[in-house]
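Here is how the chains run, residue by residue.
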Amino acid sequence: MSASLNTACATTATTTAAVAPPLAAPPLAAAPLAVLGRDVTVPLVTGGEVSYAALDYAASAPALQRVWDDVAAYAPYYGSVHRGAGYLSQLSTDLFEQSRVTVAEFLDCRPGDQVVFTRSTTDSLNLLAAVLPAGCQVFVFETEHHASLLPWTNARVTYLNAPRTPAEAVATLERALAGRDPYGPALVCVTGASNVTGELWPVKELAAAAHAHGARIVLDAAQLAPHHPVSVRELDVDWIAFSGHKLYAPFGSGVLAGRADWLQEAEPYLAGGGASRKVARREDGGVEVEWHTTAARHEAGSPNVIGVYSIASACRALTEAGFENLVERERHLIAKVREGLAEVPAVRVLSLFGDDAPRVGVISFVVDGWNSSHFAAALSAEYGIGVRDGLFCAHPLVRTLLGSEPQAQGECGAPEAAPGERSLNAIRVSFGAGTPDEHVERFVRAVGELVADGAKWQYRTEEGRCVPAV
């Protein structure tokens, strides 16, 4: 950022380089990072109010207070990005492009890698799908989130069965790649951490297997980046995708970062202003377009500078807090939840790789005798705890983990169940850097009480959701 623009941002207590001094390294189980909503209270159907326990981080994490403060400080300086001659436009452009540098540093990108800003992980992977070379083969495990399972409609796709160990995952991929067309392009898509079980996948080993067979690999880091440091260089992945709204920056932005060649060689993901470098009329009456070869090639339209800046702010905040400390604190919370659930015999935790597999703060389970939608509704209405129920946009994986035995219908059906169909769904609890110990302790206590004593309220199905009966 230029000196004058830096000075302007400094007057609002923020700069594009750093908006707060580095945080001191917290000890194990230190206080959580400050997030929005930490003081929100919600009513209980049984009477009174309680502070809301947001335990649905895997869907959308609350924004860090630091991110909110940074964005609020920048807001008076908001202006159009790129090509504007005005002061605020230049400042916003500088901030937008510096945010790209910040994200590249956060991901430890290689020289020559591009950082393309998108709307979400889903948008990032659809962008990559749109630029695949002709004849590309795609290999994807059935265990993926729909964002990485479904975009490859214009490619030859091989869906791989769910592995039961990390080693089996690598062996399964190697067998599939060994049988592929050795002369055409190929891409492997894999998650870093499951959005259902939280289990970490052997990304580095899968990348080595892909490259040994002449394939490239894209990492869906939507659930990994908010919980663990991610190095494109160390993992040796070709691309990485993630969403801001899972990285404590919920402003509708995402990232696709990695190799530039396929991105530069393909037609723009969206055609329009910003992606085009030069447009001229042809003698035949048409138009001739010269597209950018930079990341702008796939960023047509007015950029979401607020969303992009919020991602950069979150990257800085997590880096300054120290991922080693964040990981250790999260392990502390994971242990509390798993130990508490283990004491309730009716609870079955879902897992691909077994109890000892390393994981992030995402745990799914079912409760004997309960429909999962009913259980989640009771946690919310009677305890002020927000979790997720259903199939978590990973239907093949959850169905594999649950097997063919549906749950009892109970008082409420699952939102995914068709009319008259028995329920097949699960409950997911997820947490992260902003979760207080009290929230997971309340959750564990609530699970035990609901299993032992049942719900205190009656519930019914309304528009596919289980809600308290009035």
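Residues numbered from 1 in each chain as written. Predicted model: local features only at pLDDT ≥ 70, side-chain atom pairs only at ≥ 80, totals over all residues. Heavy atoms only, no water.

### Describing the overall build of the chain
Here is step 1: On a plain count of helices and strands, the chain comes out with 14 helices and 19 strands.
Here is step 2: Buried positions account for 56% of the 470 residues belonging to the chain.
Here is step 3: Sequence separation of at least 24 residues holds for 72% of the intrachain contacts in the chain that already meet a minimum separation of 6.
Here is step 4: Total accessible area computed for the chain in this model is approximately 19400 Å², and 53% of it derives from carbon and sulfur atoms. (Helix = DSSP H or I, 4+ residues; strand = E, 2+ residues; numbered from the N terminus. Buried < 20%, exposed > 50% of the residue type's maximum accessible area, 1.4 Å probe, protein only. Contact = heavy atoms within 4.5 Å. Areas by Shrake-Rupley, 256 points an atom, 1.4 Å probe, with all protein chains shown as cover.)

### A closer look at helix α3 (residues 87–106)
Here is step 1: The first and last C-alpha atoms of α3 sit 28 Å apart over 20 residues, in line with the 28 Å expected at 1.5 Å per residue.
Here is step 2: Taken as a whole, α3 has its buried residues at S89, L91, S92, T93, L95, F96, S99, R100, T102, V103 and F106. (Expected span 1.5 Å × (residues − 1).)

### Structural notes on the side chain of E144
Here is step 1: By the element assignment, E144 lies in the loop between β5 (137–141) and α5 (146–149).
Here is step 2: No salt bridge forms around the buried E144; measuring N to O, its nearest opposite-charge neighbour K246 is 13 Å away.
Here is step 3: At 2.7 Å, the side chain of E144 and the side chain of S148 are in polar contact.
Here is step 4: Setting aside its immediate chain neighbours within four residues, E144 contacts L149, C189, V190, T191, D220, C393 and A394. (Lys, Arg positive; Asp, Glu negative; His and termini not counted. Salt bridge = Lys/Arg side-chain N within 4 Å of Asp/Glu carboxyl O. Polar contact = N/O pair within 3.5 Å; in protein donor to acceptor, adjacent residues only side chain to side chain.)

### Let's talk about the sheet that holds strand β6 (residues 156–160)
Here is step 1: Read across the open sheet, the seven strands follow the order β4-β10-β9-β8-β7-β5-β6; overall the sheet is mixed. Looking at which strands have only one partner, the edges of the open sheet turn out to be β4 (114–118) and β6. Across this sheet, the average inter-strand angle for adjacent strands is 20°, counted without regard to direction.
Here is step 2: Both strand β8 (residues 216–220) and strand β9 (residues 239–243) contribute to a ladder of three bridges, which runs parallel. (Pairing = 2+ DSSP bridges. Axes fitted to C-alpha atoms, helices over the stretch in contact; angles between N-to-C directions.)

### Notes on the sheet that holds strand β14 (residues 362–367)
Here is step 1: Judged by pairing direction, the sheet is antiparallel, and its four strands sit side by side in the order β13-β14-β17-β16 without closing on themselves. Looking at strand neighbours, the two that pair on one side only are β13 (347–349) and β16 (388–390), the edges of this open sheet. For this sheet, the mean angle separating the axes of adjacent strands, direction not counted, is 30°.
Here is step 2: Those strands touched by helix α11 (residues 323–342) are β13, β14 and β17 (426–430), and its axis lies near 10° from that of β14.

### Describing a nonpolar patch on the surface
Here is step 1: A contiguous nonpolar patch, built from V279, V287 and V289 and spanning about 220 Å² of accessible area, is present on the exposed surface.
Here is step 2: Relative to the elements of secondary structure, V289 occurs in strand β12 (residues 287–291).
Here is step 3: A residue is classified by how much of its surface remains accessible, and V289, at 30% relative accessible area, is partly exposed. (Patch = residues over 30% accessible without salt bridge, like charges linked within 9 Å, V, L, I, M, F, W, Y side chains within 5 Å.)

### Brief notes about the pairing of β12
Here is step 1: Examined bridge by bridge, strand β11 (residues 276–281) and β12 share five bridges and lie antiparallel to one another. Paired with K278 across the two strands is E290, which belongs to β12.
Here is step 2: Once β11 ends, the chain turns through five residues before running back antiparallel as β12, passing G285 with a positive phi of about 100°.

### A word on the packing of helix α12 (residues 372–383) against helix α14 (residues 437–453)
Here is step 1: In the contact formed by α12 and α14, the axes pass within 11 Å of each other and the chain directions differ by 115°. Judged by the sense of rotation from one axis to the other, the crossing of α12 with α14 is right-handed. In this structure, α12 contributes F375, A378, L379, E382 and Y383 to the contact, and α14 contributes R442, F443, A446, V447, E449, L450 and V451. (Left-handed = near helix turned anticlockwise from the far one by under 90°.)

### Quick word on helix α13 (residues 395–402)
Here is step 1: Every buried residue of α13 is listed here: L397, V398, L401 and L402. The buried residues of α13 occupy one face: seen down the axis, they fall within an arc of 125°.
Here is step 2: Summarising the contacts, the buried residues of α13 are in contact with β13, β14 and β16.
Here is step 3: Downstream of α13 by one or two residues, G403 has phi in the positive range, about 75°. (Arc of directions from axis to C-beta.)

### Focus on the pairing of β8
Here is step 1: A large share of β8 lies buried, amounting to five of its five residues.
Here is step 2: Here β8 shows no split at all, with R216, V218 and D220 on one side and I217 and L219 on the other all buried.
Here is step 3: Bridging between strand β7 (residues 186–191) and β8 involves five bridges; their strand directions are parallel. Residue pairing in the sheet places V188 in a bridge with I217 of β8.

### Examining the pattern of salt bridges
Here is step 1: Under the counting rule described, the total for this entry stands at 23 salt bridges.
Here is step 2: R233 is the salt-bridge partner of D108, the closest N and O atoms lying 3.3 Å from each other. One end of the pair, D108, is in the loop between α3 and β4; the other, R233, is in helix α8 (residues 232–235), with 125 residues separating them in the sequence.
Here is step 3: Its salt-bridge partner being D261, residue R259 comes within 3.5 Å of it at the nearest N-O pair.
Here is step 4: On the basis of relative accessibility, which here comes to 22%, the residue D261 falls in the partly exposed class.
Here is step 5: By sharing partners, the salt bridges in this structure join R66, D70, R316 and E320 into a single network.

### Things to note about unusual backbone geometry
Excluding glycine, residues mostly have negative phi values, and the peptide bonds linking residues are mostly trans.
Here is step 1: Of note, H82 is a non-glycine position whose phi angle comes to about 75°, a positive value.
Here is step 2: Summarising the element assignment, H82 is placed in the loop between α2 (65–74) and α3.
Here is step 3: Overall, the relative accessible area of 21% leaves H82 in the partly exposed class.

### Side note on the side chain of D123
Here is step 1: Relative to the helices and strands, D123 resides in helix α4 (residues 121–130).
Here is step 2: Side-chain polar atoms of D123 contact the backbone nitrogen of R119, separated by 3.0 Å.
Here is step 3: Apart from residues lying up to four places away in sequence, D123 is in contact with T118 and Y269.

Taken by themselves, the reported measurements are silent on function.
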